[in-house]
Amino acid sequence: MFEFLEQIEEGELWEFISRVMKFPNREKLLELDREVLNNVLFALYGHDVLYEKKIRKLLFSSLPEQELRQLAKHSGIKPSQKPYDILIGLSSLPWRVNSSIVWSLAEKFNIPLEFLPIKSKRCDPIEVIEPFTPLPKLFDYQKELVQKIQSFLTEGKAKCCLIQLPTGAGKTRTTVEALIQFCNSSESNNGSCGLLWLAHTEELCEQAIDSFKRLWQIKGEYENTLVRLWGDYKIFIKEILGGIVICGYTKFLILNKNEPELFEQLLNHTRVLIIDEAHKALAPKINEAIMNIKNKRDIKIIGLTATPGRSSENKRDNKNLALLFDKNLITPSSISDDAFNFLQKSGVISNINHSVLSTGIRIDIDQNDKNTQYFDIDIRPKILKILANNKSRNDLIIKTVVEEIRKNHPVLIFACSIDHAKYLAARVSFEGHNSTSVDYRMRSTLRQRVISDFKEGKIGALFNYGVLSTGFDAPNIKAIIIARPTTSIVLYSQMVGRGLRGALMGGTSECNLIDIKDNYQNFGPVEDVYNYFKDFWN
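What counts, and at which threshold
- All residue numbers here refer to positions counted from 1 along the written sequence of the relevant chain.
- Note on the predicted model: pLDDT of at least 70 is required for a residue's local features to be given, and 80 or more for side-chain atom pairs to be given and counted; whole-chain, interface and lining totals, by contrast, use all residues.
- Water and hydrogen atoms were dropped before computing side-chain values, which therefore reflect all heavy atoms in the structure.
- A run of DSSP states H or I qualifies as a helix once it reaches four residues; a run of E qualifies as a strand once it reaches two. Both are numbered from the N-terminal end.
- We call two residues contacting when some pair of their heavy atoms lies within 4.5 Å.
- For every residue, the accessible area obtained with a 1.4 Å probe (protein chains only) is divided by the maximum for its type, and the residue is called buried under 20%, exposed over 50%, and partly exposed between those limits.
- This count recognises Lys and Arg as positive and Asp and Glu as negative, with His and chain-terminal groups excluded.
- A side-chain nitrogen of Lys or Arg and a carboxyl oxygen of Asp or Glu constitute a salt bridge if their distance falls within 4 Å.
- A residue counts toward a patch only above 30% relative accessible area and without a salt bridge, and it is joined to like-charged neighbours within 9 Å or, for Val, Leu, Ile, Met, Phe, Trp and Tyr, to nonpolar neighbours within 5 Å.
- Accessible areas in this description were obtained via Shrake-Rupley with a 1.4 Å probe; residue shielding takes into account the shown protein chains only.
- Residue-level confidence of the predictor is summarised by pLDDT, bounded by 0 at the bottom and 100 at the top.
- How far a helix is expected to stretch is found by multiplying one less than its residue total by 1.5 Å.
- We define a polar contact as two N or O atoms separated by no more than 3.5 Å, with the added condition that, inside protein, one atom must be a possible hydrogen donor and the other a possible acceptor, whereas residues neighbouring each other in sequence contribute only through side-chain atom pairs.
- The axes are straight lines fitted to the C-alpha atoms, using for helices just the contacting stretch, and the angles between their N-to-C directions are given from 0 to 180°.
- Roughly parallel means an angle under 35 degrees; roughly antiparallel, over 145; roughly perpendicular, 65 to 115; everything else is oblique.
- Three categories are distinguished: nonpolar for Ala, Val, Leu, Ile, Met, Phe, Trp, Tyr, Cys and Pro, charged for Asp, Glu, Lys and Arg, and polar for the others, with Gly belonging to the last.

Student: Could you give me a rundown of the side chain of asparagine 38, with the residues and numbers involved?
Tutor: Mapped onto the fold, asparagine 38 is located in helix H3 (residues 34-45). Once you skip the residues sitting within four places of it in the chain, asparagine 38 turns out to touch Phe2, Glu6 and Leu13.

Here you go:
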């Protein structure tokens, strides 16, 4: 993986890694072979290793002095300086797109493209989709839910509803199927489908794109347009009239504020608004925009969630969420009495082997230590940092991860912070097991590559903070380790949900759920979490 670093002496890499982080056994670090050393480096930096100025300096220092001076001259650095000053100058050059030093270094050391700061290839914002090949049949509970969504869209005066299914039970597939039937119906097919799907992350947006594209090719009865509208994607209104628009929350709010004419036209051609991870719809700005649509426009609103509530503590938020969707909670009645256990017995979702490992740590938390900045009550970073720096706690996490890897269980771990995730991943690599971490700061293409490697079994343990609780689907997961405490029952449910895809849905029959527990409450059996908010919808 890091063949281009072979020019750097092992001793120099050891020194670099030991300065970056403290390992419990420095003598063992000095005994590591090159492959394990590279794995530790990858766990710390991934494909962004060359963003580290010190690594670039070590690479440059491996060049003969004559080549070094030639490179300096080519890069606009005075070649007559002392070699050390040239090294400082070259390694300090900006590592970014279109920088000449990037291509000079890539050429000299044969560096693969994924390690370079180049613009990633992006999907076109507009795609034309056409019918084609069969899909697995829907389960009976999904068929029932499709009919209920159809009835909501075509009958009666109900304007809003919230669809609830456990993570892994096919919520997106079921909803998309119902929406395509709606578009195909004689009442709606006047050349205008008019679907606007909102999601809060790029991964969830792409997941929706994939679902619509695959299903429309099989179920769609006419040519339609599928539109990407998030990040820096731009569109013209005439290109999307009557199509299926997948839009990010942030883009939706930017259009509302900065491009009111385009926003107005978009809503004028929208017949159904779908809100993925609908429990987030109470965030002030997005809530205001949705309420305006609800009160002023003839647009049906559908929310999707596995947890139809906001908080285990703030009952007002839970009531407001229910009111936003007119207390119209739609679940399949055929399984609603004991949905979770029914789906487990059917093989749709995994059987969860839940265990709790106590750390013996006690940190008293009062209301001021809870973070409400993003409208999700959770523990503030300063508390998480104390836990992330606790040696005995980290040793327990590492021991648990390694035990799962030795059972050939792909493990997904939720850490206390980005730095904590990197540290733990490096420690597991230090023990001789391939592992790495992902976070929101990574380039999206590299994050997708790492996730793909995890799904393919090339990485045994994947650590993360703040990015894989939603929009992440790895059916091979056999163990979830929750190594960050949370007071949010919704966040807890989302983390657990990454391991719920059962054998019938292409996942696993069982998944180990391991809570690293400090002095915080944990939320009990997973099925209780699913039913937690039921009373707010009566």
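Student: Go over the side chain of lysine 171, please, and point to the residues and values.
Tutor: By secondary structure assignment, the location of lysine 171 is in helix H9 (residues 171-184). No salt bridge forms around the buried lysine 171; measuring N to O, its nearest opposite-charge neighbour glutamate 277 is 5.7 Å away. Here lysine 171 is in contact with Ile163, Leu165, Pro166, Leu304, Thr305 and Ala306, once residues within four sequence places are set aside.

Student: Account for unusual backbone geometry, with residues named and values stated.
Tutor: Both trends apply: most residues other than glycine have a negative phi, and most peptide bonds are in trans. The residue aspartate 326 is not glycine, and still its phi comes out positive at about 55°. As for its placement among the helices and strands, aspartate 326 is situated in the loop between helix H15 (315-324) and strand E8 (329-330). What makes aspartate 326 partly exposed here is its relative accessible area of 40%. One non-glycine residue, lysine 327, lies in the positive phi region at around 50°. As for its position among the elements, lysine 327 is in the loop between H15 and E8. Look at lysine 327 and you get partly exposed, because its relative accessible area is 39%.

Student: How would you explain a nonpolar patch on the surface if you had to name every residue and give the values?
Tutor: A cluster of nonpolar residues, Trp103, Leu113 and Ile118, forms a patch on the protein surface that exposes about 280 Å² of accessible area. Here leucine 113 lies in the loop between helix H7 (100-109) and strand E1 (126-129). With a relative accessible area of 49%, leucine 113 lands in the partly exposed category.

Student: Any chance you could break down the confidence of the model for the protein for me, citing the residues and the numbers?
Tutor: Residues with a pLDDT of 70 or more make up 88% of the protein, whose mean pLDDT is 83. Mean pLDDT values for the elements of the protein range from 50 in strand E10 (residues 370-371) up to 96 in strand E6 (residues 272-275). Low pLDDT (under 50) marks residues 371-377, which in the prediction has 19 contacts with non-local residues, meaning those over four places away or in another chain.

Student: An account of helix H19 (residues 418-430) is needed here, citing residue identities and associated values.
Tutor: Taking 1.5 Å as the rise per residue, H19 with 13 residues should run 18 Å; its terminal C-alpha atoms sit 18 Å apart, in good agreement. Every buried residue belonging to H19 is among Ile418, His420, Ala421, Leu424, Ala425, Ala426, Arg427, Val428, Ser429 and Phe430, and all of these are buried. In this structure serine 417 caps H19, since a side-chain oxygen of it lies 3.0 Å from the backbone nitrogen of histidine 420. After H19 finishes, the residue glycine 432 shows a positive phi value of roughly 95°.

Student: Talk me through the packing of helix H12 (residues 249-258) against helix H13 (residues 260-268); I want residue IDs and the actual numbers.
Tutor: Two numbers describe how H12 lies on H13: the axes approach to 6 Å, and their chain directions differ by 120°. As judged from the angle between their axes, H12 and H13 are oblique. Contact residues: H12 offers Phe252, Leu255, Asn256, Lys257 and Asn258, while H13 offers Pro260, Leu262, Phe263 and Leu266. Considering only residue class, the contact of H12 with H13 consists of six nonpolar, two polar and one charged.

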